[in-house]
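Okay, here's what each chain looks like letter by letter:
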Amino acid sequence: MANKIQRDPSRGWLAGTFAGLCSYLGFSPFWCRAIFLVYLMLEPVTATLAYLVATLLMPKRRCRYC
């Protein structure tokens, strides 16, 4: 089965968007969050909208061990 991009609320802070994204890409959620914070300081409206859209479009992981 192919690795699908999914939110992981059990490992995330808010909605699990970055935890799921980093799991899909294969690196630590710390780096996604750090890059997003820099982007948030530079473009707050765009970063917030991008996060909300990603949260709404990414399906939620049903089970951590599934």
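**Observations concerning the confidence of the model for the protein**
Atomic detail in the predicted coordinates should be set aside for any region of low pLDDT.
Okay, step 1: Of all residues in the protein, 91% have pLDDT values of 70 or greater, and the mean over the chain is 83.
Okay, step 2: The weakest mean pLDDT in the protein belongs to helix H1 (residues 17-25) at 84; the strongest belongs to helix H3 (residues 44-57) at 91.

**Quick notes on the state of the cysteines**
Okay, step 1: In this structure the tally under the stated criterion is 1 disulfide.
Okay, step 2: What pairs with Cys-22 in a disulfide is Cys-32, and their sulfur atoms sit 2.3 Å apart. A residue pair is termed long-range when its members are at least 10 positions apart, and Cys-22 in helix H1 and Cys-32 in helix H2 (residues 29-42) qualify at 10 residues. By the burial criterion, Cys-22 is buried, and Cys-32 matches it.

**Digging into the nonpolar core**
Okay, step 1: Ala-15, Phe-18, Cys-22, Cys-32, Phe-36, Ala-47 and Tyr-51 form the largest nonpolar core, which has 7 residues in total.
Okay, step 2: Residues in contact with Phe-36, not counting those within four places in the same chain, are Phe-18, Ala-47 and Tyr-51.

**Structural notes on the packing of H1 against H2**
Okay, step 1: In contact at an axis separation of 8 Å, H1 and H2 are set at 120 degrees when each is read in the N-to-C sense. With respect to H2, the axis of H1 lies oblique. Judged by the twist between their axes, the crossing of H1 over H2 is right-handed. When H1 is examined against H2, the residues Phe-18, Ala-19, Leu-21 and Cys-22 are found in contact with a partner set consisting of Pro-29, Cys-32, Arg-33 and Phe-36.
Okay, step 2: Tallied by class, residues from the contact of H1 with H2 come to 7 nonpolar, no polar and 1 charged.

**Brief notes about the environment of Met-58**
Okay, step 1: If you trace the backbone, Met-58 turns up in the segment after H3.
Okay, step 2: Expressed as a C-alpha distance, the spacing of Met-58 and Gln-6, which sit 52 residues apart in the sequence, is 5.5 Å.
Okay, step 3: If sequence neighbours within four positions are ignored, Met-58 has contacts with Ile-5, Gln-6, Arg-7, Thr-17, Gly-20 and Leu-21.

Criteria and thresholds
Residues numbered from 1 in each chain as written. Predicted model: local features only at pLDDT ≥ 70, side-chain atom pairs only at ≥ 80, totals over all residues. Heavy atoms only, no water. pLDDT = per-residue confidence, 0-100. Helix = DSSP H or I, 4+ residues; strand = E, 2+ residues; numbered from the N terminus. Disulfide = S-S within 2.5 Å. Buried < 20%, exposed > 50% of the residue type's maximum accessible area, 1.4 Å probe, protein only. Core = buried A, V, L, I, M, F, W, Y, C linked by side-chain atoms within 4.5 Å. Contact = heavy atoms within 4.5 Å. Axes fitted to C-alpha atoms, helices over the stretch in contact; angles between N-to-C directions. Parallel < 35°, antiparallel > 145°, perpendicular 65-115°, else oblique. Left-handed = near helix turned anticlockwise from the far one by under 90°. Nonpolar A, V, L, I, M, F, W, Y, C, P; charged D, E, K, R; others polar.

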